[in-house]
Amino acid sequence: MKLPKLHECAAEGDTTFLILEWSDISLSNQIVIAEALETALADRDDCPDHIVLADTTTDQWHFFRPVIDGQFSIDS
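Residues numbered from 1 in each chain as written. Predicted model: local features only at pLDDT ≥ 70, side-chain atom pairs only at ≥ 80, totals over all residues. Heavy atoms only, no water.

Draft legend 1. How the structure looks around the packing of aromatic side chains. Taken as a whole and assessed by the stated rule, the structure comprises two aromatic pairs. Arranged with centres 5.8 Å apart and planes meeting at 25°, the rings of Trp22 and Phe64 form a pair that is stacked. With a gap of 42 residues between them, Trp22 in strand S1 (residues 17–22) and Phe64 in strand S3 (residues 62–64) connect regions that are remote in the sequence. The class of Trp22 is buried, set by a relative accessible area of 4%. The exposure class of Phe64 is buried, given its relative accessible area of 16%. (Phe/Tyr/Trp six-rings, centres within 6.5 Å; stacked < 30°, edge-to-face > 60°. Helix = DSSP H or I, 4+ residues; strand = E, 2+ residues; numbered from the N terminus. Buried < 20%, exposed > 50% of the residue type's maximum accessible area, 1.4 Å probe, protein only.)

Right, dumping it as structure tokens:
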């Protein structure tokens, strides 16, 4: 997983970003991914500064932020 690598960068003073992409809306969407992400990040201390979900299912990409100021917002 990318979190340990991002945590190392954060320890060096870098701002960290985790960008997750989905390209098949029938297999996934921002809510499913955000719910899985919330479970995966529970009780971890190496969460990136910014997490972005990228919907690349169409020519015009859409971005969602499931975590804002450390709080999950599944309806983002």
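Draft legend 2. Region of interest: the pairing of strand S2 (residues 50–55). Within S2, five of the six residues are buried, which leaves the element mostly enclosed by the surrounding structure. Bridge analysis of S1 against S2 gives six bridges, and the strand direction is parallel. Note on S2: the bridge partner recorded for Phe17 is His50. Between the parallel pair S1 and S2, the chain is carried across by helix H2 (residues 30–41), and the sense of this crossover is right-handed. Of the strand pairs in this sheet, S2 and S3 are connected by three bridges, and their pairing is antiparallel. Along S3, the bridge assignment pairs Leu53 with Phe64. Connecting S2 to the next strand, S3, in antiparallel fashion are six residues. (Pairing = 2+ DSSP bridges. Right-handed = clockwise from strand over helix to strand, strands pointing away.)

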